[in-house]
Amino acid sequence: MKKFTYIIITALILSLTMGIASFAAEKPVITFTEDFKTMYFNDYEYYQMDLTGFESNVSFTYDEYYSEIYEYDPELGQDVLVSVENEYYNEENPAFANYKLSEAQKKTVSTIDIYGDEIIALVDVHFKDGGKYSLTLLREDYVDDYNSLKSNESNQYKIEYSWPEDNYVNATKNQLLTGKTKEIDPLEYLYDYEYVYINSEDGMLTYTPGLLWILDDTYYYVSYEENKITNEDDLFMMDKVILHEITDETVVEALKVAEDKYYADDYGYLYDDDLAHEISYVVLVTIFGVIPGFICLITFVFAFIKKKTYRKLLFATSAFLLLEIIVFAIFMVTTNFK
Amino acid sequence: MLKKLIKYDFKSVFKLWWIAAASTVALSVIGGLIASFFAADEFTEKVIPIPILIVAVIILTIVFIGFGAFGIFTDILVYVRYYKNLFTDEGYLTFTLPAKRKTILNSKILLSFVFGSLTGLVLTINTVNILLISCGKYIFTKEILEEIKYVIKEILAYEYSYYFAIYLIEFIVIGALLLLTSYLFTFGCITVASVIAKKAKILVAVGIYYGAVSILSSILSLFYLFGISSLYEVFWALDQSDVFICVALLLVIVALVLCATCCLLYYLLHWCLHKKLNLA
């Protein structure tokens, strides 16, 4: 018993010491140049870049709370996105919570919010006079990747259908931008679009130059640059976007094949839609029809064998179950024949 | 005779229950006052120091544990009353009363249902209490009340709004049936244990209860695994108007299954008490 007590006390002291040590451990400090256009963190320099369409593939080190608010539009007969709420909690990412300002910066700046990950940092500088300065910064060793992704016009864009894996179509910028243009309200055609993107060589940086929009069985391309879209959320806040009809036959054919493959594969279910429905009906009929029916029959038979008191109870049970089966039959008729 | 039995059962449980209920109401007032720190932190510019918030979290946790304990305490009171009154020495006296076994059983079931509902009511009042004391003044502003009015108007103007009233009724009925089923189920475990065991009846009852709950939860998880995904498949293809009626029908099915379960459990209880119980 004594030994056991010693072990417990030692474990407690150890865990306490480790807790205090980790709390007291020095956190990396973020500093900026006077104009905030360069950030220093973890022995890396981060430079200000226009990161429209860029995304890093580092798994998030902070929690992102994101919600979309839809409202029902009776004219369209569907829900439409009216606003997107984004909340980042940079205190969830202790690495980004520890910044240091110069004496000159302290005079004008009240707080700084830094979001992002090890490659891309999003910085909001809040000034004491109420002003705000937002900038996007990229880690120095990814600047070459950034330049090559942004400038290489002949680069193969990938148009991605998310399932099955590797179901994408290659196309060049020219192939996507040559057709005639058209303007639409993006909220009216909210759902039918796919991402167009290029990955850096190591796969850590992704550039999304635009989207593939499917409208009336025709493929269109939406360029982020042309529409001055900074991210996907902006798209649905815009009144109009310019679409380029994709006329290149090779691309159109490849897109049709990819689309067929995407829908035929049934989002990765192990069985196809019809089989899924059949299995579902069998399961439901067993749970709500066969099992209660069996118990109903047994209680009904027992009701005849048993004495008065039990008879009433057993009749009541079988009546409830019979009623349940009838309601379930109505349910199945309502769902099955529509 | 039922009235007299209920009166004595009620008295026996109420003399301890009201103290616990009053204590939780007092706890809810303390909880409300403590939660007002968080409300001030959330709704106003005031910054509450972290040590105060930590103490507040600890006190609030104790308050909510108190609420949970109150629910368990009510159940224990009802089960103890059932066990002592029927299966201990007291049972000899109970069964010599000029009352049918069915009447005695009905009295216990009614007692459990009434106290279960009362406990639910007290806990709801306590929660409302906490909300009103802590953030009532922030929530019930003119603008927010207007907003609530607007939302209610919108709901009422909605084409299928009457379904919400139907769902509400169905949920209340299902809630009541669930409460009844759970009490009947536990009474069933106690009764079966008292019938089959000569010693350590409570231990056997607990064993039966956990055994039965494990089996039932395995069956329910199977239903969850296959049934819910099957329902999803069925509902996926429906029109909006049909979804409303199908949900209403589904809730009726659940209510009817619960009714049948209650009847079967009652049958089991009655049969055990009538045919199998031998206190001698």
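Per chain, residue numbering runs from 1 following the sequence as it is written. Each chain takes a letter, starting from A, and each ligand takes a number, starting from 1, following the order in which they are written. Reporting in this predicted model follows two pLDDT cut-offs: at least 70 for local features of residues, and 80 or more for side-chain atom pairs to be given and counted; totals over whole chains, interfaces and linings ignore these cut-offs and use all residues. Note that water and hydrogens are dropped before the side-chain values are worked out from all heavy atoms of the structure.

## Some words on the overall build of chain A
For the purposes of this entry, the term helix denotes a DSSP run of H or I that reaches at least four residues, the term strand denotes a run of E that reaches at least two, and both are numbered from the N terminus. Counting its regular elements, chain A contains 9 helices and 16 strands. Residue burial is assigned from relative accessible area. The probe radius is 1.4 Å, only protein chains are included, and a residue is buried under 20% of its type maximum, exposed over 50%, and partly exposed in between. Looking at chain A as a whole, 36% of its 338 residues are labelled buried. Should any heavy atoms of two residues lie within 4.5 Å, those residues are considered in contact. Sequence-distant contacts, at least 24 apart, represent 56% of the contacts inside chain A between residues at least 6 apart. By element, 56% of the accessible surface of chain A is carried by carbon and sulfur atoms, the whole surface being about 20300 Å². Per-residue accessibility takes into account occlusion by the displayed protein chains alone, with areas from the Shrake-Rupley method and a 1.4 Å probe.

## Considerations on a positive patch on the surface
Two joining distances apply to patches: 9 Å for like charges and 5 Å for nonpolar side chains (Val, Leu, Ile, Met, Phe, Trp, Tyr), and every residue must have over 30% relative accessible area and no salt bridge. Salt bridges are defined by distance alone: a side-chain nitrogen of Lys or Arg within 4 Å of a carboxyl oxygen of Asp or Glu. For the purpose of charge, His is not counted, nor are the chain termini; Lys and Arg are scored as positive and Asp and Glu as negative. Every charge is mapped to an atom, namely NZ of Lys, CZ of Arg, CG of Asp or CD of Glu. On the surface, Lys 308 and Lys 312 of chain A together with Lys 100 and Lys 102 of chain B cluster together to form a positively charged patch. Mapped onto the elements, Lys 100 of chain B comes out in the loop between helix 3 (89–94) and helix 4 (101–139).

## Observations regarding the pattern of salt bridges
Residue and element names in this part refer to chain A. This structure, assessed with the given rule, holds 7 salt bridges over all chains. Across the salt bridge formed by Asp 50 and Lys 150, the nearest N and O atoms sit 3.5 Å from each other. Remark: Lys 150 occurs in helix 3 (residues 143–151) and Asp 50 occurs in the loop between strand 3 (44–48) and strand 4 (54–56); sequence separation between them is 100 residues. By relative accessible area, Asp 50 is classed as partly exposed at 43%. With a relative accessible area of 29%, Lys 150 lands in the partly exposed category. The salt bridge involving Glu 103 is made with Lys 106; its shortest N-O contact spans 3.4 Å. Highlighted residues: Glu 103 and Lys 106, both in helix 2 (residues 103–108), separated by 3 residues, approximately one helical turn.

## Focus on the interface of chain B and chain A
One widely used convention gives an interface's size as the accessible area the parts lose upon coming together. Taken together, the 32 residues of chain B in the interface contact 32 residues of chain A. Both faces combined, the contact of chain B with chain A buries some 2800 Å², and carbon together with sulfur accounts for 80% of it. When two parts are brought into contact, each loses some accessible area as probed by a 1.4 Å sphere; the total of that loss over both is the buried area. It is Glu 233, Ile 253 and Tyr 267 of chain B in chain B that bury the most area against chain A; as a group they hold 22% of the surface buried on that side. Taken together, the connections running from chain B to chain A amount to 0 salt bridges. For this analysis, a polar contact is any N or O atom pair within 3.5 Å, provided that within protein one partner can donate a hydrogen and the other can accept it, and provided that sequence-adjacent residues contribute only side-chain to side-chain pairs. Linking chain B to chain A there are 0 residue pairs in polar contact (both at pLDDT 80 or more). Secondary structure elements with two or more residues in the side of chain B that touches chain A: helix 7 (201–236) and helix 8 (240–276) of chain B. When residues are sorted by character, Ala, Val, Leu, Ile, Met, Phe, Trp, Tyr, Cys and Pro go into the nonpolar class, Asp, Glu, Lys and Arg into the charged class, and all the rest, Gly among them, into the polar class. Here the residues of the side of chain B that touches chain A sort into 23 nonpolar, 5 polar and 4 charged.

## Observations concerning the sheet that holds strand 1 (residues 31–32) of chain A
Residues and elements named next belong to chain A. Pairing between strands is defined by DSSP: at least two bridges between them are needed. Ordered in space as 1-2-3-9-8-7, the 6 strands form an open sheet in which the pairing is antiparallel. The open sheet terminates on both sides in strands that have one partner only, identified here as strand 1 and strand 7 (109–116). Pairing of strand 7 with strand 8 (residues 120–127), which is carried by 7 bridges, proceeds in the antiparallel orientation. Directly across from Ile 112, in strand 8, lies its bridge partner Val 125.

## Section: the packing of aromatic side chains
All names here are of chain B. Two aromatic rings from Phe, Tyr or Trp, using only the six-membered ring of Trp, form a pair when their centres are within 6.5 Å; if the ring planes differ by under 30 degrees the pair is stacked, by over 60 it is edge-to-face, and anything between is tilted. Enumeration according to the criterion identifies 28 aromatic pairs over all chains in this entry. Judged by centre distance (5.4 Å) and plane angle (75°), the rings of Trp 17 and Phe 115 are edge-to-face. In this pair, Trp 17 sits in helix 1 (residues 2–43) while Phe 115 sits in helix 4, placing the two residues 98 residues apart along the sequence. This pair shows no difference in class: Trp 17 is buried, exactly as Phe 115 is. Cation placement over rings: the criterion is NZ of Lys or CZ of Arg within 6 Å of the ring centroid and within 35° of the ring normal. For Lys 7, the ring lying beneath its charged end belongs to Tyr 8, and the centroid distance is 5.7 Å.

## Section: helix 3 of chain A
Residue and element names in this part refer to chain A. Every buried residue belonging to helix 3 is among Val 143, Asp 145, Tyr 146 and Leu 149, and all of these are buried. Seen from one end, helix 3 has its buried residues packed into an arc of 155°, which puts them on one side. On the buried face of helix 3, the contacting elements are strand 3, strand 4, strand 9 (132–139), strand 13 (193–199) and strand 14 (205–215). Regarding the arc, it is the one traced by the directions from the helix axis to the C-beta atoms.

## Description of the side chain of Ser 112 of chain B
All names here are of chain B. Inspection of the secondary structure puts Ser 112 in helix 4. You can call Ser 112 buried: its relative accessible area is 0%. Setting aside its immediate chain neighbours within four residues, Ser 112 contacts Val 78, Tyr 183 and Phe 187.

## Observations concerning the layout of surface pockets
All names here are of chain B. Here the term cavity refers to a set of points on a 1 Å grid, laid over the protein atoms alone, in which a 1.4 Å probe fits but cannot get out; the term pocket refers to an open set having protein on both sides within 12 Å along at least five of seven lines, with lining residues being those that place an atom within 4 Å of a point. Grid points are joined across faces, edges and corners, and a volume is the space filled by probe spheres set on the points. Here the largest pocket defines a volume of roughly 1900 Å³. Lining the largest pocket are 49 residues, and of these Thr 181, Leu 216, Leu 220, Leu 258 and Thr 261 lie nearest its centre. A total of 18 residues in the lining of the largest pocket trace back to one element, the largest contributor, which is helix 7. Broken down by class, the residue content of the lining of the largest pocket amounts to 41 nonpolar, 6 polar and 2 charged.

## Looking at the nonpolar core
Core analysis: the largest hydrophobic core is formed by 51 residues, its most contacted members being Trp 17, Tyr 82, Phe 87 and Leu 273 of chain B. Elements that contribute at least two residues to this core include exactly helix 9 (308–336) of chain A together with helix 1, helix 2 (50–87), helix 4, helix 6 (162–196) and helix 8 of chain B. Among the elements that line this core, the one with the most residues is helix 8 of chain B, at 12 residues. Setting aside residues up to four positions removed in sequence, Leu 273 of chain B forms contacts with Tyr 82, Leu 86, Phe 87, Phe 95, Arg 101, Leu 105 and Thr 191 of chain B. Val 143, Tyr 157, Ala 171 and Tyr 221 of chain A belong to the second-largest nonpolar core, a separate cluster that totals 31 residues. The criterion is simple. A nonpolar core is a set of buried Ala, Val, Leu, Ile, Met, Phe, Trp, Tyr and Cys residues joined through side-chain atoms within 4.5 Å.

## Focus: the confidence of the model for chain A
Confidence in the prediction of chain A, expressed as mean pLDDT, is 78, and 80% of residues score 70 or more. No element of chain A has a lower mean pLDDT than strand 6 (residues 78–89) of chain A, which averages 64, and none a higher one than strand 3 of chain A, which averages 91. Per residue, pLDDT captures the predictor's confidence, and it can take any value from 0 to 100.

## Focus: the packing of helix 2 of chain B against helix 6 of chain B
Residues and elements named next belong to chain B. Think of each axis as a best-fit line through the C-alpha atoms, taken over the contacting stretch in the case of a helix, with angles from 0 to 180 degrees between the N-to-C directions. It is the contact of helix 2 with helix 6, at a shortest axis distance of 11 Å, that shows an interaxial angle of 35°. Considering how the two elements wind past one another, helix 2 and helix 6 form a crossing that is right-handed. Across the interface between the two elements, Asp 75, Val 78, Tyr 79, Tyr 82, Tyr 83 and Phe 87 from helix 2 touch Ser 182, Tyr 183, Thr 186, Phe 187, Ile 190, Thr 191 and Ser 194 from helix 6. In terms of residue class, the contact of helix 2 with helix 6 is made up of 8 nonpolar, 4 polar and 1 charged. Note: crossing handedness is left-handed where the near helix turns anticlockwise from the far helix by less than a right angle, and right-handed where it turns clockwise.

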